[in-house]
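# Close look at the chain arrangement
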Amino acid sequence: MPGQSAVEAFRKKAARRHDALSFGATVTTPASWLEQLWDVWGDGRAIATRSQRLLGFFKALDNTPDLSSSSGMASMLMRLANGGLGSRELDAALQGECVLEESFGPLLDALRAYEAILAGANLVDPGRAWGVLARRELVSRPMRVSVLGMEASNSLTAFCDSQPGIELEGEGSAQIFPAPAGVRVRFAFPAGGYARSLLLCDLLKEMLESGCSEGGVVVAARNPRVLYESIAPSLAEASVSVAFEGGVPFSATDFGRALLRVRDISTSDSVVACCTDFLLNPFSGVSSDAAYAFDAWARADRLTSKEACIDKMRAMSSSFEYFEELISSPDASVLSGVVEDRVRAAGGVSGAYRAEQLAALSMFRSVAEDARRLDASMDDCFAALEGAQVPSSRIAGESDPLVRVMDSRRAALLESGSFGGVILCDMTSAAYPLNERSDAAAALLKAVGIDVGHSTLADARRVFAAAVALPARELVIERCLKNEDAAETYPAAVVEEFVDLYRNDPTDADEIDNQYALPSCFLSSIIERGEESLYENSAVSHGEQPASLVDEEPSLAHVSEGKLPHLVLPRFLPDGGVLKVPCFSASQIESYLECPQKWFSQRRLRLDDLDEGFGALEMGDFAHHALKRFYERFREEVAPKVTGELLPAARAIMHEVTADLAAEQEARNPSDNRLVPVQELERRQVQELMARLEGYLDLESRLLPGFHPTHFEYEIPVSGAVDYAGYKLIGSIDRIDMDDAGHAVIIDYKGSLSNDYDLYDSEGKERGGKVQALIYAQAVQRLLGLDVVGAIYVSYGRAAQISGAIDVRLEPRHLPGIKAKACTFAQGPLSDLLDATELRVAHALDELLSGEVAPRPARKESCKHCPEISCPQRRG
Ligand code: SF4
């Protein structure tokens, strides 16, 4: 029989019926029978366990250069060994006695290496053990061997055939039968995953009330642990005790996750996420506040090294060092006692949780011990642990469980007819696919003449048939009508076959032409639940949603009266005093004009990323500093303005300036928007930016002849804040150029320009776009008494571009790349435009100070880089 539970169920049933089989027969699993035979007739080697076999395969793969050492490859070797190791056919191939395609060579090499590795540890593969036994006559007196609930493996069949006394009786072809007589069959269809838990809870209560409590109900699910966690609290509240029986992946246990994270830290270059994950694990012994503080610390500086992270981790968590030891070598598993003591002493955890962690720990120890025996590496250990399942159980409720949740294979081993009801969940074609495996292992076995004989459909039929035979009163088959992508689901093939047994004419498609794919005999008893009741479905309860907090719906559009005094924070003066009048920078004002809510989230809530950036902001700062330094030096060493003939000298200075600036970046503070590349691609981006700045000098040599730069990063400090739009204005102006007649042009550097920077659109209408340069132009007029004839944006990006607003007194041909029509202010002197802009800003700032922060994008581009991801007004 396929498993120990099936053996016990069979024995119990036979004993209850006083069946002759209770006395005259030995009921066992193939593995146990092999153990017994091998104990007596074997050659002294021990039969390798699954973990020892896996370690052997991984170690063999390490020594087989033509095959990758991956879990997929190890599983394929396992299938190859299961299919034919120990057989005469595969032995002939292993000994080179048959001609095979060259491509099978590496597989055979790996298999030979695997057997040698096992032999070195005094172990033998089970297939080989059957093969060794088959070469001797062990059973001469008559014996009938019946294979039940499974297909006999090739090695078992070969052994039975080799023994003159054994008559082997297979189970015959796997078949699906109708539900046992007297068992009601129903189908349940939640509309989707959200509706499933509540539907199942309601259904289970109903089944238990209508007689299924005798024997209880088995729920078989694809992912039983997840299902248990979703229904157990609600059922336990209704005094229905529920148990989960099964396994949990090693990597999903807290111990497994902690161990794997520490392994990732040791093998990877980028460790911050792994470190934080370890610190958030209960095994770290660190509070979540401390873990998040570590995360913020490490992410705020791109140059935080792996060593610095590890040093900090060691200082924060004493168990981190134990885990570092544990992953260092299979020998170090002896230190796991310290971790075990901590698990045993941990307070505030359930017994089931503790047992699960101890089971994971014990699995790790056992794999490490196997690795020591096989002289395998720690990497092999981790590879073997990757797909391992830790035995796990949970129970919710005081009494013996009335509901048992498990997977369908486990359910199939239980005693038929011994439960009140059974619910088979997730019965979709996607959850139970029927792909016949066709890989190199199958091809090699076929090439040597071994019929693998294993059919996925036959296997699925056996499991389904056994599950259908379990209930005495009711069988329910459940399938969500839609999957997580809201796409239609289809019944599993075994369900279709089962349904066909109840149809009048299985060839008549009209009979099941409905969304449930069911004949009319089942349609009246269908159980359904929609996904529209969001609260009930997610709370798995029909109770009213309790009000845990009654609060007014917050208004996204307006800051409440009480919070208004904090909307604009006061600015401090150098003497420690406070500027009474609200004070803004031009970029803040521009942001508010783009969208009041965007200003609020960016400037007031500061929804910034935790990570030190490497993007437009940092590149822009670098370029601004470079352009300032360049001109300061150029003016001092060469001339007041770059011209065509001075370009070679200008390029040489820019080259030096950008190189010096790049070299200084690492020493700067991360909060100063420094530009520090940490990857090769980023290093190339910095080189590209430096080259672009040199290239920009071409445009510079043709820009505004007759003008020369007079101010760079011209600062309007808080102490000298200028009156603007009824409030105060501060900021820094990238550059001011002047001619000998006292005309000034305000220049704002940009990495790239869009139409948004133009004054007019293609129909000649004012865009009302970017205003930063116009605001600074007015401030400069007011502060320095200059006659401003242009407020322009100059791009140092790939294309020579200029945009903004210019007076008719400026020649567009002196501004390479400007669209004269879109940027020349036609209605009068530029000061008229500056006054009109100030009026517009005054109105906006009045609104801002009244608390108006509605999401109101000026253009669809405004939403492009907005951090309000869930904003209902988002455009574009
Ligand atoms: S998404 Fe658009 S509308 Fe919403 S806050 Fe951001 S910029 Fe404003």
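Being a predicted model, the structure only gives us computed values, none of them experimental.

### Focus: the overall build of the chain
- Of the regular secondary structure elements, the chain holds 33 helices and 21 strands.
- Each of the three principal axes of the chain carries a C-alpha extent, and together these read 120 × 65 × 60 Å.
- Split into buried and exposed, the 876 residues of the chain put 47% on the buried side.
- Residue pairs at least 24 apart in sequence account for 72% of intrachain contacts in the chain once pairs closer than 6 positions are excluded.
- By element, 50% of the accessible surface of the chain is carried by carbon and sulfur atoms, the whole surface being about 42100 Å².
- Each charge class in the chain can be summarised by its mean position, and for the 88 positive and 129 negative side chains these summaries are 1 Å apart.

### A few points about the domain arrangement of the chain
- By domain assignment, the chain separates into domain 1 (4-169), domain 2 (184-241 + 397-539), domain 3 (250-392) and domain 4 (585-593 + 606-863).
- Centre-to-centre separation of domain 2 and domain 3, based on C-alpha positions: 36 Å.

### Quick look at the pairing of strand β9 (residues 403-406)
- Pairing between strand β6 (residues 217-220) and β9: four bridges, direction parallel. The residue bridging Val218 from the neighbouring strand is Arg404, located in β9.
- Bridge analysis of strand β7 (residues 242-249) against β9 gives three bridges, and the strand direction is parallel. Bridge pairing in β9 places Phe244 opposite Val405.

### Looking at the packing of helix α10 (residues 193-212) against helix α11 (residues 224-237)
- Direction vectors running N to C along α10 and α11 enclose 55 degrees, while the axes themselves pass 10 Å from each other. Relative to α11, the element α10 is oriented oblique. Of the two possible hands of crossing, α10 and α11 adopt the one that is right-handed. Residue-level contacts link Arg196, Ser197, Leu200, Cys201, Leu204 and Lys205 of α10 to Leu227, Ser230, Ile231, Ser234 and Leu235 of α11.
- Across the contact of α10 with α11, the residue classes break down as six nonpolar, three polar and two charged.

### Some thoughts on the site of the ligand
- Near the ligand you find Cys595, Gln597, Lys598, Pro855, Pro857, Ser862, Cys863, Cys866, Cys871, Gln873 and Arg874, and these make up its full shell.
- In terms of residue class, the shell around the ligand is built from six nonpolar, three polar and two charged.

### Digging into helix α4 (residues 50-62)
- In this model, α4 (13 residues) spans 18 Å end to end at C-alpha, consistent with the 18 Å of a helix rising 1.5 Å per residue.
- Of all 13 residues that make up α4, eleven are buried, and the element is covered over most of its length.
- Within the sequence span of α4, burial applies to Ser51, Gln52, Arg53, Leu54, Leu55, Gly56, Phe57, Phe58, Lys59, Ala60 and Leu61.

### Side note on the nonpolar core
- Counting residues in each nonpolar core, the largest one holds 81 residues, and the members touching the most others are Leu90, Leu111, Phe250, Phe255, Leu259 and Phe323.
- For this core, the element with the most residues is helix α18 (residues 351-374), which contributes ten residues.
- Residues within four places of Leu111 in sequence aside, it is in contact with Phe57, Leu77, Leu80, Ala81, Leu85, Leu90 and Leu94.
- Counting residues in hydrophobic clusters, the runner-up holds 50 residues, among them Leu759, Ala773, Leu786 and Val788.

### Things to note about the UniProt feature "domain: PD-(D/E)XK endonuclease-like" (unreviewed entry) in the chain
- Listed under "domain: PD-(D/E)XK endonuclease-like" (unreviewed entry) in the UniProt record, and renumbered for this structure, are residues 584-867.
- Secondary structure across residues 584-867 divides into 42% helix and 18% strand, with the first and last C-alpha atoms of the span separated by 21 Å.

### Some words on the packing of helix α29 (residues 647-664) against helix α30 (residues 680-702)
- The N-to-C vectors of α29 and α30 enclose an angle of 150 degrees; their axes lie 9 Å apart at closest approach. As α29 packs across α30, the resulting crossing turns out to be right-handed. Mapping the contact onto sequence places Leu647, Ala650, Arg651, Met654, His655, Thr658, Ala659 and Ala662 in α29 and Met690, Leu693, Glu694, Leu697, Asp698 and Ser701 in α30.
- Within the contact of α29 with α30, the residues separate by chemical class into eight nonpolar, three polar and three charged.

### Looking at the side chain of Gln588
- Tracing the backbone through its elements, the reader meets Gln588 in helix α26 (residues 586-594).
- Residue contacts for Gln588: discarding those within four places in its chain leaves Arg571, Trp599 and Arg603.

### Examining the packing of aromatic side chains
- Using the criterion set out here, one finds 28 aromatic pairs in the structure.
- Ring geometry for Phe250 and Phe255: centres 6.3 Å apart, planes at 80 degrees, overall edge-to-face.
- Take Phe250: its relative accessible area is 0%, and that puts it in the buried class.
- Looking at Phe255, the relative accessible area reads 0%, which means it is buried.
- Three or more aromatic residues joined by ring pairs form one cluster here, namely Phe187, Phe189, Phe464, Phe498, Tyr502, Tyr516 and Phe522.
- The residue whose ring lies beneath Arg222 is Tyr432, and the NZ or CZ to ring-centre distance is 4.8 Å.

### As for the sheet that holds β7
- Strands sit in the order β8-β7-β9-β6-β10-β11-β5-β12 across an open sheet of eight strands; the sheet is mixed. In this open sheet, the two strands that pair with only one neighbour each are β8 (389-396) and β12 (527-529). Strand after strand, the sheet turns through a mean of 15 degrees between neighbouring axes, direction not considered.
- In this structure, β6 lies alongside strand β10 (residues 419-424), joined through four bridges in parallel fashion. Directly across from Val218, in β10, lies its bridge partner Val422.
- Those strands touched by α18 are β7 and β8, and its axis lies near 175 degrees from that of β8.

### Remarks on the state of the cysteines
- Considering all chains together, one arrives at zero disulfides under this definition.
- For the unlinked cysteine Cys274, the closest cysteine sulfur is that of Cys275, found at 6.9 Å.

### Overview of unusual backbone geometry
- Phi at Ala486 takes a positive value of approximately 65 degrees, unusual for a residue other than glycine.
- As for its placement among the helices and strands, Ala486 is situated in the loop between β11 (471-478) and α23 (493-500).
- Of note in this structure, Ala725 is not a glycine but carries a positive phi near 55 degrees.
- Residue placement: Ala725 occurs in the loop between β17 (722-724) and β18 (727-739).

### Here we look at the pattern of salt bridges
- Per the stated rule, a full pass over the model turns up 62 salt bridges.
- In this structure, Asp277 and Arg261 form a salt bridge, with 3.2 Å as the shortest nitrogen-oxygen distance. With Asp277 in helix α13 (residues 272-280) and Arg261 in helix α12 (residues 254-267), this pair connects stretches of sequence that are 16 residues apart.

Conventions adopted
- Residues numbered from 1 in each chain as written.
- Predicted model: local features only at pLDDT ≥ 70, side-chain atom pairs only at ≥ 80, totals over all residues.
- Heavy atoms only, no water.
- Helix = DSSP H or I, 4+ residues; strand = E, 2+ residues; numbered from the N terminus.
- Buried < 20%, exposed > 50% of the residue type's maximum accessible area, 1.4 Å probe, protein only.
- Contact = heavy atoms within 4.5 Å.
- Areas by Shrake-Rupley, 256 points an atom, 1.4 Å probe, with all protein chains shown as cover.
- Lys, Arg positive; Asp, Glu negative; His and termini not counted.
- Charge placed at Lys NZ, Arg CZ, Asp CG, Glu CD.
- Domains from an automatic or database assignment.
- Pairing = 2+ DSSP bridges.
- Axes fitted to C-alpha atoms, helices over the stretch in contact; angles between N-to-C directions.
- Parallel < 35°, antiparallel > 145°, perpendicular 65-115°, else oblique.
- Left-handed = near helix turned anticlockwise from the far one by under 90°.
- Nonpolar A, V, L, I, M, F, W, Y, C, P; charged D, E, K, R; others polar.
- Near = heavy atom within 4 Å.
- Expected span 1.5 Å × (residues − 1).
- Core = buried A, V, L, I, M, F, W, Y, C linked by side-chain atoms within 4.5 Å.
- UniProt positions renumbered as here; feature names shortened; annotations may be inferred.
- Phe/Tyr/Trp six-rings, centres within 6.5 Å; stacked < 30°, edge-to-face > 60°.
- Lys NZ or Arg CZ within 6 Å of the ring centre and 35° of its normal.
- Disulfide = S-S within 2.5 Å.
- Salt bridge = Lys/Arg side-chain N within 4 Å of Asp/Glu carboxyl O.

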